Amino acid sequence: MNTTITDTYEIAMGRWSRRLSRSFLDFVAAPSCGSLVDVGCGTGSLTLAAANRYPDARVVGIDLIPDYLTDALREEASNEEASNIELKTGDALSLPFEENSFDTAFSQLLINDLEDPEKAVAEMVRVTKPNGKIAASVWDRSGGLTFIRLFLDAAAILGGLEGEKLREEVFDVPYQDEDDLYDLWSDAGLGDIETATLAVRMDFIDFDDYWQSLMGAHSLIRNFFNRQYADTAYEIQQATRLAYLGGKTDGRRSLVASAMAVRGVVPA
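First things first, this report covers the structure right here in the doc.

How each quantity is defined
Residues numbered from 1 in each chain as written. Predicted model: local features only at pLDDT ≥ 70, side-chain atom pairs only at ≥ 80, totals over all residues. Heavy atoms only, no water. Buried < 20%, exposed > 50% of the residue type's maximum accessible area, 1.4 Å probe, protein only. Helix = DSSP H or I, 4+ residues; strand = E, 2+ residues; numbered from the N terminus. Pairing = 2+ DSSP bridges. Salt bridge = Lys/Arg side-chain N within 4 Å of Asp/Glu carboxyl O. Patch = residues over 30% accessible without salt bridge, like charges linked within 9 Å, V, L, I, M, F, W, Y side chains within 5 Å. Areas by Shrake-Rupley, 256 points an atom, 1.4 Å probe, with all protein chains shown as cover. Lys, Arg positive; Asp, Glu negative; His and termini not counted. Charge placed at Lys NZ, Arg CZ, Asp CG, Glu CD. Axes fitted to C-alpha atoms, helices over the stretch in contact; angles between N-to-C directions.

### Here's the deal with the pairing of strand β7 (residues 253-265)
Next, step 1: Where burial is concerned, most of β7 is hidden: 11 out of the 13 residues are buried.
Next, step 2: In terms of strand pairing, strand β5 (residues 128-139) meets β7 through seven bridges, oriented antiparallel. When the bridges of β7 are listed, Ala 136 appears paired with Val 262.

Pasting the structure below:
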């Protein structure tokens, strides 16, 4: 069976983003009716969660990568429990909607991966009605993604300068803390701004499950590991394994992951 981009995302991050969706929607506190847009919806975990939570609302999911908007997602979006979903292909930096089209715009795990986060926020503001809500969440990469840090610390120690550079590149992204997110929302002209840290549990069956998820979670990590000489790659994997095991036998582990969230209100 061929592994698709959607399969890779599901193994690596999709199962955790679904858990985060529940907490994020609690934080967003969108109206139970009206129109909502999920910007950068990916494989649709947040879109589907919003549609199920707000059955009387119109929920639009938009993503730049058509492969994420799979037939399976479209089928689930068309069933009776989530028939209020629309899926579109489009760019977060140039949303294909008129001004004041939505009551709420939100984005999960996208903002600090964009080349121009400010433009994306401005677009969400543009398409949202006055007094509507704008919200986003991002992984707390440097302090809140334990499962990635287990590997990156081993890579920095055993992989020399390249490993140190990888750790810096993965963690050194825009809007790394709640203050930065607050300022981004404030600079966009939003009011009533609030931030929060949301936590989820990342459960792994064993080290092999963890490793498969890790290698699919981030292309920089996968590409770095595949470039290493066999001996170095083995040492890094074994060091990561020891960190995962924590002195116990192999088996299930539950690692906490945290995300930072921000929300604000479009001025009237």
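That was the structure; now back to the text.
### Looking at the pattern of salt bridges
Next, step 1: The full count for this structure, using the stated rule, is 11 salt bridges.
Next, step 2: Of the charged contacts in the structure, one is a salt bridge between Lys 119 and Glu 123, with a shortest N-O distance of 4.0 Å. Here Lys 119 and its partner Glu 123 are both found in helix α4 (residues 117-126), four residues apart, which amounts to about one turn of the helix.
Next, step 3: Judged by its relative accessible area of 37%, Lys 119 is partly exposed.
Next, step 4: For the salt bridge of Arg 149 with Asp 153, the shortest nitrogen-to-oxygen distance reads 3.1 Å. Taken together, the residues span about one helical turn, with Arg 149 and Asp 153 both in helix α6 (residues 146-158) at a distance of four residues.
Next, step 5: Here the salt bridges share partners, and the residues they tie into one network are Lys 119, Glu 123 and Arg 126.

### A few points about a negative patch on the surface
Next, step 1: A contiguous patch of negative charge, built from Glu 115, Asp 116, Glu 118, Asp 177, Asp 179, Asp 183 and Asp 187, is present on the exposed surface.
Next, step 2: Examined against the element boundaries, Asp 187 turns out to sit in helix α8 (residues 178-187).

### Regarding unusual backbone geometry
Next, step 1: Phi angles above zero are rare outside glycine, and Asn 100 is one such case at about 60 degrees.
Next, step 2: Note on placement: Asn 100 falls in the loop between β3 (85-89) and β4 (102-108).
Next, step 3: Located in the positive-phi region is Asn 131, a residue other than glycine, with phi close to 70 degrees.
Next, step 4: Relative to the elements of secondary structure, Asn 131 occurs in strand β5.

### A closer look at the sheet that holds strand β6 (residues 191-204)
Next, step 1: Strand order in the open sheet formed by seven strands is β3-β2-β1-β4-β5-β7-β6, with mixed pairing between adjacent strands. The open sheet has two free edges, formed respectively by β3 and β6, since each of these has just one partner strand. Taken over all neighbouring pairs, the strand axes of this sheet differ in orientation by 20 degrees on average, direction set aside.
Next, step 2: The pairing of strand β1 (residues 33-39) with β4 spans three bridges and is classified as parallel.

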